[in-house]
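Observations on the model geometry
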Amino acid sequence: MSNREMAVTPRFKTHSQVWSAVGMWAWMLHRLTGIGIVLYLLLHATLMGTSLIRGAEAFNATLNTLMTNPVLHLAEIALVGAIIYHGMNGIRLLLFDIGIGFSRQKEIFWVSMAIGAAMWIFVIISKLS
Amino acid sequence: MRVNAITWLFQRITAAVLLVLLGVHLWLLYMNNTSEVISFAEAKARLMSAPYITLYVLLLLFGLFHALNGLYTVMVDMGIKPRKTAIGALLAVGLGLFGIGLISIFQFIM
Amino acid sequence: MSSQEIKARIFRYDPEQDVEPRFDVYTIPVIKNMAILDVVFHVQNYIDKSLAFRCSCRIGMCGSCAMYINGKPRLACRTQVSSLGTSEVTIMPLPNLPIIRDLATDMEPFFEKWKKIKPYYVGKPELKDPVVIRPDSDEREFIDQMLDCITCGCCYGACSMVATNEDYLGPAALNRAYTLVADKRDSIRVERLKAVGRSYGVWRCHDQFNCAEVCPKNLVPTKSIQQLKKRCVMQKFGVFK
Ligand code: SF4
Ligand code: SF4
Ligand code: FES
């Protein structure tokens, strides 16, 4: 194969990633929680919107089915966890964007996670009680 | 497309604002709710004032932008090719939901 | 010499002959201060002459021996076997780059992107040499460190954004672009800034820090990229000239 040909034909590459680094997982989770929250938001806005437009009874009926379902209550805890993660890591990313914390990114990650975990536990306890 | 810098900046601004707005939204739901199931009358009593309406309109607008622009970012990261189509579809979803959302928020003051 | 041995799993692939890549396992006696580069040399010298890899300086200066070693891209010549803390080592070619043979990757795409940011200094014609940037200014100190890049491609192989979007310029080229954009004597800074401000430029970086994690020169391209993003926004509002 000539050099020219080799440069244009798709060739085999590996795509091994760096799994041992905090930043990789922080990014990955940010993505996953982000996509999860978008899907929820679309559902949430559609459900609330369509039932509200149909009036008070429809709204009450929808909320009644949603809020009495135990599985959905568990899902809600996961959702709040995702929002807290996305928000806490989001603060970390905003710090980078204004030029703070590049040399301490891992520590900042763990501190924000500790605060986030405390918030999540608080939500879980107040929900269960 | 030369709007990258602007959408990037808006993504950060909406992020910062959402931290506050979503915080308030969640706080209201968890701390200010007495009954098991939220009813329309209850929600209406809470939402009828101008600051709350403003809060929810902003939450809707900023939330949708942050969410859909985030989704678009993921698509571009994955190397999506028909970008115009993707932008069009996301805009349609966003505007549609914003419309529905606005109408439904105003149910509370009518 | 100690009687210790290590087990090396080495990625083997010849695109012109093999349908699929495979791993060959070699048992290699450990010598004092042995680097991974010595491991692959041992295989080539005494076990299988056909093993392909690239190296030149052997002292971490030329940047040609980057490989994916036990889970991350590193320079083979600067990675001591003892530093891995295990007697099993997996050696693969640098990710995100086409494979020529075995451990040798084609750096062409990496340098094509390097070219896109115009990696050379273009002086303002009205400036007369020598123009001085005070060596003790903050800006200068930051750039100094960023200039240490040896174009090894470790960061390029580590970045997930490069993995998923093959147009993304990648950390090394953007880092280089920043050292020039920050140079007030340069005359094509705005042009360069526009080149990195395209959608395949700085906006693909999501502060993942994989590049900083693996850079053998301890650079933090993430920080250079953030500086570029800031300047792109400023330029948009006409504050950057
Ligand atoms: S920035 Fe570091 S890892 Fe990337 S090419 Fe330069 S020296 Fe290698
Ligand atoms: S910080 Fe940016 S350039 Fe570096 S690995 Fe992460 S996404 Fe890639
Ligand atoms: S051989 Fe030159 S950097 Fe490793």
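Predicted, not measured: the structure shown is a model, and the values here were computed from it. (Residues numbered from 1 in each chain as written. Chains lettered and ligands numbered in written order. Predicted model: local features only at pLDDT ≥ 70, side-chain atom pairs only at ≥ 80, totals over all residues. Heavy atoms only, no water.)

**Some details on the packing of helix α2 (residues 22–53) of chain A against helix α4 (residues 70–97) of chain A**
Residue and element names in this part refer to chain A. In the contact formed by α2 and α4, the axes pass within 9 Å of each other and the chain directions differ by 130°. Judged by the inter-axis angle, α2 sits oblique to α4. Considering the relative orientation of α2 and α4, their crossing is left-handed. Contacts from G23, W25, A26, L29, H30, T33, G34, I37 and Y40 in α2 reach L79, A82, I83, Y85, H86, N89, G90, R92 and L93 in α4. (Axes fitted to C-alpha atoms, helices over the stretch in contact; angles between N-to-C directions. Helix = DSSP H or I, 4+ residues; strand = E, 2+ residues; numbered from the N terminus. Parallel < 35°, antiparallel > 145°, perpendicular 65-115°, else oblique. Left-handed = near helix turned anticlockwise from the far one by under 90°. Contact = heavy atoms within 4.5 Å.)

**Re the pairing of strand β1 (residues 5–12) of chain C**
All names here are of chain C. The pairing of β1 with strand β2 (residues 22–29) spans eight bridges and is classified as antiparallel. Directly across from A8, in β2, lies its bridge partner Y26. Two elements, β1 and strand β5 (residues 88–92), share four bridges in a ladder whose sense is parallel. If you follow R9 over to β5, its bridge partner there is T90. (Pairing = 2+ DSSP bridges.)

**Some words on the interface of chain C and chain A**
Tallying the contact residues gives 34 residues for chain C and 25 residues for chain A. Roughly 2,500 Å² of surface becomes buried between chain C and chain A when both sides are summed, with 57% attributable to carbon and sulfur atoms. Taken as a group, F209(C), E213(C) and Q226(C) account for 21% of the area that chain C buries against chain A, more than any other trio of residues on that side. Scanning the region where chain C abuts chain A turns up two salt bridges. Taking the shortest distance from any N to any O, the salt bridge between E166(C) and K13(A) comes out at 3.4 Å. In this assembly, chain C and chain A are joined by nine residue pairs in polar contact (both at pLDDT 80 or more). Residue assignment for the side of chain C that touches chain A shows that the elements contributing at least two residues are β4 (72–75), α4 (154–158), α5 (160–164), α8 (210–214) and α9 (221–236) of chain C. Of the residues that constitute the side of chain C that touches chain A, the class distribution is 18 nonpolar, nine polar and seven charged. (Buried area = accessible area lost by both parts, 1.4 Å probe. Salt bridge = Lys/Arg side-chain N within 4 Å of Asp/Glu carboxyl O. Polar contact = N/O pair within 3.5 Å; in protein donor to acceptor, adjacent residues only side chain to side chain. Nonpolar A, V, L, I, M, F, W, Y, C, P; charged D, E, K, R; others polar.)

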